[in-house]
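Each chain, letter by letter, is given below.
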Amino acid sequence: MNDTMANLTPKEIVEQLDRYIIGQADAKRFVAVALRNRWRRQQVSPPLRDEIAPKNIIMIGPTGVGKTEIARRLANLAQSPFLKIEASKFTEVGYVGRDVESMVRDLAEIAIAMLRAEARQTVEEKAAAQAEERLLDLLVPPGPATAQTEAQQAGNGEPLLENPTRAKFRQMLREGKLSERQVEMDVAQPQSLPMIEVFSNSGADDIGSGLKDVFGKIFPKKSKKRKVPVDEALRLLTIEESEKLIDEEKVIKLAIQRTEQTGIIFLDEIDKIASRQGEGQRGAEVSREGVQRDLLPIVEGSIVNTKYGMVRTDHILFIASGAFHTCKPSDLIPELQGRFPIRVELGSLTEEDFYRILTEPQNALIKQYVALLATEGIALHFDEAAIREMARICFLVNKKTDNIGARRLHTILERLLEDLSFSAPDREEKSFTVTAEYVIQQLAEIAKDEDLSRFIL
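Given the structure is predicted, the values throughout are model-derived calculations rather than measurements. (Residues numbered from 1 in each chain as written. Predicted model: local features only at pLDDT ≥ 70, side-chain atom pairs only at ≥ 80, totals over all residues. Heavy atoms only, no water.)

Student: How would you summarise the packing of aromatic side chains if you had to cite specific residues and measurements?
Tutor: The final tally for this structure, using the stated rule, is one aromatic pair. Centre to centre, the rings of Phe432 and Tyr438 are 5.3 Å apart; their planes meet at 75°, and the pair counts as edge-to-face. For the pair formed by Phe432 and Tyr438, the shared burial category is buried. Sitting over the face of the ring of Trp39, Arg36 holds its NZ or CZ atom 4.1 Å from the ring centroid. The ring of Tyr355 carries Arg388 above its face, with NZ or CZ at 3.6 Å from the centroid. (Phe/Tyr/Trp six-rings, centres within 6.5 Å; stacked < 30°, edge-to-face > 60°. Buried < 20%, exposed > 50% of the residue type's maximum accessible area, 1.4 Å probe, protein only. Lys NZ or Arg CZ within 6 Å of the ring centre and 35° of its normal.)

In structure tokens, the structure reads:
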């Protein structure tokens, strides 16, 4: 993280976010500062470093305006373990639902996967070379004479001379001439576990993976001889060799450290667990407040036991979000409010915002549909007026019905290009231009009829 964040100032972070998210300048500034503060904290010498806590953030705004996307892109920039989870999935102990500590365990699993992938890249070249040798052993088994010659050369300190047949097969393998050939090899089989019914709620999320580890150590892994194509065999052997070269203990140690120091947990729909004032403390209200009190120690900083070891949550960055239509942040319990000192409101999207969302981001929807239809040989073009009309209709429908933000654009484009997408493989005309008239023709009913727009969504 130090190398990555040292080269990213808050201004540069905002610029990176601008490539994918339109508007919401205040939210981008706050998360950019929060991310930069993590790097700044790493430069502070202990013990003061341990006293600097992350400034958790609550994003307030309607759905589809970019709350989740901001957090996800932020994690990608920092190469941090990132977990998005809905707060409404949690319930207090004794009710049916997930244990709040499970989100920290899930974050640790994500960090382990990240570190394994990074470790696999570092040993990729060596693993590929070893896998190639194993595959050649399957294609050209060494005979007794060859083995004896190699032993003699090794004993005399002379360089080993490769069997001409093996050298020929090596060249053919690298040139891709053996792709259609099949080889017989041992392929690992997935290990089935006995069915065990679990009645306990506490820690139930970890029981399945825990049992898998236990039974994996007791019973040997099963393998089965199968005939597989050469390319598939090389892929499987490369994975096996990579696993042998990876230092699992080092991976786990670094993953826990990364989880604790750079992990980001995005708590969506936190307004769903707010206890609404004036509704009393019965039934669901008790459960909502119970979830908040269970979340409190995790957000404040505690130790969570995972199958990889203890994980401290003191410096995990929590970003919460919610629409807060029927309640407000002050309806959360005071202790939890205090752990989210930064509050930022995200505004509803305007007609101009929709136009920019369709055209500016690197992953803009129009670019996606152009690329999809290009696979069918269709050159798809959009007139400027057509894009403006789509933005206008999207804004109008959001205003008339439920405001679902930019997600409405998916509905608009699917409905607009439905006929073209269906007939694309059979079309003789390989060029299609979307005009403003075509947009009005295809989407007029959506804009006029509120009930129809609800049905189509």
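Student: Tell me about the confidence of the model for the protein, and name the residues and values.
Tutor: Averaged over all residues, the pLDDT of the protein is 82; the fraction at 70 or higher stands at 80%. Every residue in residues 196-202 is under pLDDT 50, and counting partners more than four places away or in other chains gives six contacts. Confidence over residues 452-457 falls short of pLDDT 50; this stretch has 14 contacts with residues more than four positions distant or in other chains. (pLDDT = per-residue confidence, 0-100. Contact = heavy atoms within 4.5 Å.)

Student: Residues and numbers for helix α11 (residues 230-245), please.
Tutor: For α11, spanning 16 residues, the distance from its first C-alpha to its last is 22 Å, which sits close to the expected 22 Å at 1.5 Å a residue. Within α11 the residues assigned to the buried category are Val230, Ala233, Leu236, Leu237, Thr238, Glu241 and Ser242. Contacts made by the buried residues of α11 are with α6 (102-122), α7 (124-139), α9 (164-174), β3 (182-188) and β4 (223-229). (Helix = DSSP H or I, 4+ residues; strand = E, 2+ residues; numbered from the N terminus. Expected span 1.5 Å × (residues − 1).)

Student: Go over the packing of α6 against helix α12 (residues 248-262), please, and point to the residues and values.
Tutor: As a packed pair, α6 and α12 sit with axes 8 Å apart at the nearest point and diverge in direction by 130°. Relative to α12, α6 is oriented oblique. Between α6 and α12 lies a crossing of right-handed hand. Contact residues: Leu107, Ala108, Ala111, Ile112, Met114, Leu115, Arg116, Glu118 and Ala119 in α6; Glu248, Val251, Ile252, Leu254, Ala255, Arg258 and Thr259 in α12. For the contact of α6 with α12, the class distribution of residues is 11 nonpolar, one polar and four charged. (Axes fitted to C-alpha atoms, helices over the stretch in contact; angles between N-to-C directions. Parallel < 35°, antiparallel > 145°, perpendicular 65-115°, else oblique. Left-handed = near helix turned anticlockwise from the far one by under 90°. Nonpolar A, V, L, I, M, F, W, Y, C, P; charged D, E, K, R; others polar.)

Student: With reference to specific residues and values, describe the environment of Asp231.
Tutor: One can find Asp231 in helix α11. A residue is classified by how much of its surface remains accessible, and Asp231, at 46% relative accessible area, is partly exposed.

Student: Please set out the layout of surface pockets residue by residue, giving values where relevant.
Tutor: Roughly 740 Å³ of internal volume is contained in the second largest pocket. Every residue lining the second largest pocket is counted, 31 residues in all, and those nearest its centre are Gly64, Gly66, Glu69, Ala406 and Arg407. Sorting the residues of the lining of the second largest pocket by element identifies α5 (67-78), β8 (317-322), α16 (365-374) and α18 (407-416) as the ones contributing at least two each. Element by element, the count of residues in the lining of the second largest pocket is highest for α5, at four residues. Of the residues that constitute the lining of the second largest pocket, the class distribution is 12 nonpolar, 10 polar and nine charged. (1 Å grid on protein atoms, 1.4 Å probe; cavity = no way out; pocket = protein on both sides within 12 Å on 5 of 7 lines; lining within 4 Å. Points joined across faces, edges and corners; volume = space filled by probe spheres on them.)

Student: Give a detailed account of the pairing of strand β5 (residues 264-268), specifying residues and quantitative values.
Tutor: By the criterion of burial, β5 is predominantly enclosed, with five of the five residues buried. Residues Ile264, Phe266 and Asp268 line one face of β5 and the alternating positions Ile265 and Leu267 line the opposite face, and both faces are buried. Sheet topology places strand β2 (residues 82-86) next to β5; five bridges connect them, and they run parallel. Opposite Lys84, over in β5, you have Phe266 as the bridge partner. The pairing of β5 with β8 spans four bridges and is parallel. Bridge pairing in β8 places Phe266 opposite Ile319. (Pairing = 2+ DSSP bridges.)

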